[in-house]
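# Descriptive analysis of the structure
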Number of protein chains: 2
Amino acid sequence: MTAPSPGRPLSHTERTRHRRLREQGSLDRAELDAVLAAGFVCHLGVTVDGTVMVVPTVYGSDGSTLYFHGSVASRSLVASPGTTVCVTVTHVDGLVLARSVFEHGINYRSAMIYGVPRLVTDEEEKLAGLRCLTEQSAPGQWDYARRPSRKELAATALLALSLDEASLKIRTGPPDDGDTPDAELGLWAGVLPLNTSWGALEPAPDLAAALAPPPHLVRRAGAVV
Amino acid sequence: MTAPSPGRPLSHTERTRHRRLREQGSLDRAELDAVLAAGFVCHLGVTVDGTVMVVPTVYGSDGSTLYFHGSVASRSLVASPGTTVCVTVTHVDGLVLARSVFEHGINYRSAMIYGVPRLVTDEEEKLAGLRCLTEQSAPGQWDYARRPSRKELAATALLALSLDEASLKIRTGPPDDGDTPDAELGLWAGVLPLNTSWGALEPAPDLAAALAPPPHLVRRAGAVV
């Protein structure tokens, strides 16, 4: 289990206490920020008409609040405010290939956040939240692209979820069966890493040929995520 | 909207009917298989003690059934059989960078499967399901690694979820605002692709130096996912 950081610990409720895999659990605030900063798509779990829905959606995190959004007509978003949701962000880092199938696993970093989302209605906070969300995936785009009009703002539902109740699970490193009888089987064991990187920019087909991409996008193309 | 395939159509219940983003919805069985085949980690949404949990977990799909597993002590797995769950598999393919923030989006492929999981108790089916699950992420490993013992089998909960009630959402291609007044803003627009690939094999530190990795893993290292 990762040592706690000097920062504010994450809450430790019945929901986020790790009953199993305790060695993988972490309550480190800086690690949570790092896991959230490394992604931009979460899986939002919400109950709609009595049934669980798990919806992938983009998010932004400012360190204390997670923002997500969608059309005001979206079922999962309309159902969210006032009910407890679970938002999970997962990065898969590789396959853990042990000597036995039983010990196979995944190297990953995953954050789970529980809470009751709040519908953001204040226009200033809504713009700040949408800025956070836009900058999460493409830093520099908020200042470059055309910002939302009043009509577009009205058509967008923005939800804010506190990061106070969160938990982390992280697994790194090689398989654990090197000190078991399986090590004598003569089988290869190790990790097959999974890497994610940005590709080359693909201009829209209808773009004027003379239009060069802005530096913040040029820098990002080809970079490792 | 993608044209339906000649294959068996996915069911079209109230839950999986696309109320929004209809153009992105798909009921194509072959496309579902392709989305599931391209991954090995899903997000399982399940209600535990009245609260939604969204748990990342590995899966295997044989075209008609999705298998997932875990410790028999896992809360999310114990809660699953007999209740409706939602399993979502998502691949993020790139950022859609439009002229306006409002038209920004993600190119992605996502499958959502609803159903009541069945706890697999038959030993033969359990082995077949675990084989499917192992081969999903690392084809060739089931025949290479040591298979589960009876004791390991007993400690593993395997769940089977029918793929009958599923839906797909897929977005591909450039941003859509090339024919709006925003096209006159002189802003770059296009797609920043996100690529996933397997890295180089990392032998376990305690592995005998003479032990070479098997061909099925050597082939996979460096390959695009």
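Refer to the structure printed above.
From a predicted model like this one, the values you see are computed outputs, not experimental measurements.

## Let's talk about the interface of chain B and chain A
On the side of chain A, 86 residues touch chain B, which itself brings 86 residues to the contact. A buried area of about 7100 Å², summed over both sides, lies between chain B and chain A, and 68% of it is on carbon and sulfur atoms. Contact with chain A buries area across many residues of chain B, yet B:Val101, B:Arg146 and B:Trp188 alone supply 11% of it, more than any other trio. Our count for the chain B to chain A interface comes out at four salt bridges. One can count 25 residue pairs in polar contact (both at pLDDT 80 or more) joining chain B with chain A. For the side of chain B that touches chain A, the leading source of residues is strand S10 (residues 190-198) of chain B, giving nine residues. Across the side of chain B that touches chain A, the residue classes tally to 49 nonpolar, 23 polar and 14 charged. Examined bridge by bridge, strand S10 (residues 190-198) of chain A and S10(B) share five bridges and lie antiparallel to one another. Directly across from A:Thr196, in S10(B), lies its bridge partner B:Thr196.

## A few points about the pairing of strand S8 (residues 156-162) of chain B
All names here are of chain B. With six of its seven residues buried, S8 lies for the most part within the structure. Relative to S8, strand S7 (residues 118-119) runs antiparallel, the two being bridged by two bridges. Of the residues in S8, the one forming a bridge with Arg-118 is Ala-160.

## Some remarks on the relation of the copies chain B and chain A
Turning chain B through 180° and shifting it by 0.0 Å along the axis lays it on chain A, with an RMSD of 0.0 Å. Such a combination of turn and shift is consistent with a two-fold rotation axis. Measuring from the rotation axis to each C-alpha of chain B, the shortest distance belongs to B:Thr196, at 2.2 Å. Mapped onto chain A, 100% of the interface residues of chain B again fall at the interface, so both copies present the same surface.

## So, the side chain of B:Thr134
With respect to the helices, strands and loops of the structure, B:Thr134 is situated in helix H3 (residues 123-137). When its relative accessible area of 9% is taken as the criterion, B:Thr134 is described as buried. Setting aside chain neighbours within four positions, we find B:Thr134 in contact with A:Val101, B:Gln141 and B:Trp142.

## Structural notes on the environment of B:Arg99
Positionally, B:Arg99 belongs in the loop between strand S5 (85-97) and strand S6 (105-115). The class for B:Arg99 is buried, based on a relative accessible area of 2%. Along the primary structure B:Arg99 and B:Leu185 are separated by 86 residues, whereas in three dimensions their C-alpha atoms are 7.5 Å apart. If we ignore the near neighbours within four places in the chain, the residues touching B:Arg99 are A:Ala145, A:Arg146, A:Asp206, A:Leu207, B:Pro175, B:Asp177, B:Gly178, B:Asp182, B:Ala183, B:Leu187 and B:Ala189.

Reading the values: rules and limits
Residues numbered from 1 in each chain as written. Chains lettered and ligands numbered in written order. Predicted model: local features only at pLDDT ≥ 70, side-chain atom pairs only at ≥ 80, totals over all residues. Heavy atoms only, no water. Contact = heavy atoms within 4.5 Å. Buried area = accessible area lost by both parts, 1.4 Å probe. Salt bridge = Lys/Arg side-chain N within 4 Å of Asp/Glu carboxyl O. Polar contact = N/O pair within 3.5 Å; in protein donor to acceptor, adjacent residues only side chain to side chain. Helix = DSSP H or I, 4+ residues; strand = E, 2+ residues; numbered from the N terminus. Nonpolar A, V, L, I, M, F, W, Y, C, P; charged D, E, K, R; others polar. Pairing = 2+ DSSP bridges. Buried < 20%, exposed > 50% of the residue type's maximum accessible area, 1.4 Å probe, protein only. Least-squares fit on C-alpha atoms with pLDDT ≥ 70 in both.

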